[in-house]
Amino acid sequence: MYKEEQVHFEKLIQKIQQPDFQRNQGLSNEVGYYIYPYNVADTPRVRANLDDLTKSETAMKINLKVFDLYDIMLDSIHKLKGIADDDPFRILAEMEKQSGIDQVAQQINNLMRMDENNNDVVMYVQDHVDNQHCVIFITGVGKVYPLIRAHKVLNTMHQVLDENPVVMFYPGKYNEQNLQIFGEANDQNYYRAFSI
């Protein structure tokens, strides 16, 4: 699998350097959203490849911006410190013990306003892109599952961020109709992204 993943990543590097890709052209009026599916067993290799890419001349040339959903989620929870009477992480841990992970996921989605177009993920990315022309990578999908779902991020993000191409790194399968996290659990149907 190592060799297959390397070939897959090399194709991604070639794709993101194409001027049409960077300008969101040639997509039949579709928003430039892509999913980079990969086998969960290849996660260490994908992370290493991403780390190498972010330090490369290519990253500077295309103005690559990488956003980790886990970091964005933690940022949103950290903002509650000082507002809540208690440590929000302790509250969420206690909630999971009492009511289960589904309740925690619901509370985090409420906190981050994930049903709104201008949710915390969208606003965080938008604030850090600040109208720059760039290529956006979204990582951390596996780290936040099942608290935040990839299809929710994509469904709301494409409503607001439509000038720059976005690539979501997805630990699972995507056939341009269904997202299947970790190659097993159905995340949700999603039709607006191209597989890369």
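Residues numbered from 1 in each chain as written. Predicted model: local features only at pLDDT ≥ 70, side-chain atom pairs only at ≥ 80, totals over all residues. Heavy atoms only, no water.

What follows covers the overall build of the protein. Counting its secondary structure elements, the protein contains 10 helices and 7 strands. In terms of overall dimensions, the protein is globule-like: its C-alpha atoms have a radius of gyration of 17 Å, near the 16 Å expected for 196 residues. Projected onto its principal axes, the C-alpha positions of the protein cover 50 × 35 × 30 Å. Looking at the protein as a whole, 43% of its 196 residues qualify as buried. (Helix = DSSP H or I, 4+ residues; strand = E, 2+ residues; numbered from the N terminus. Rg over C-alpha atoms; globule rule 2.2 N^0.38 Å. Buried < 20%, exposed > 50% of the residue type's maximum accessible area, 1.4 Å probe, protein only.)

Moving on: the pattern of salt bridges. Two side chains that carry opposite charge are able to pair once their charged atoms sit near each other. All told, the structure shown has 7 salt bridges when counted by the stated rule. As a salt-bridge pair, Arg23 and Asp20 come within 3.4 Å of each other at their nearest N and O atoms. Judged by its relative accessible area of 45%, Arg23 is partly exposed. The residue Arg90 makes a salt bridge to Asp86 at a minimum N-O spacing of 2.1 Å. The class of Asp86 is partly exposed, set by a relative accessible area of 30%. (Salt bridge = Lys/Arg side-chain N within 4 Å of Asp/Glu carboxyl O.)

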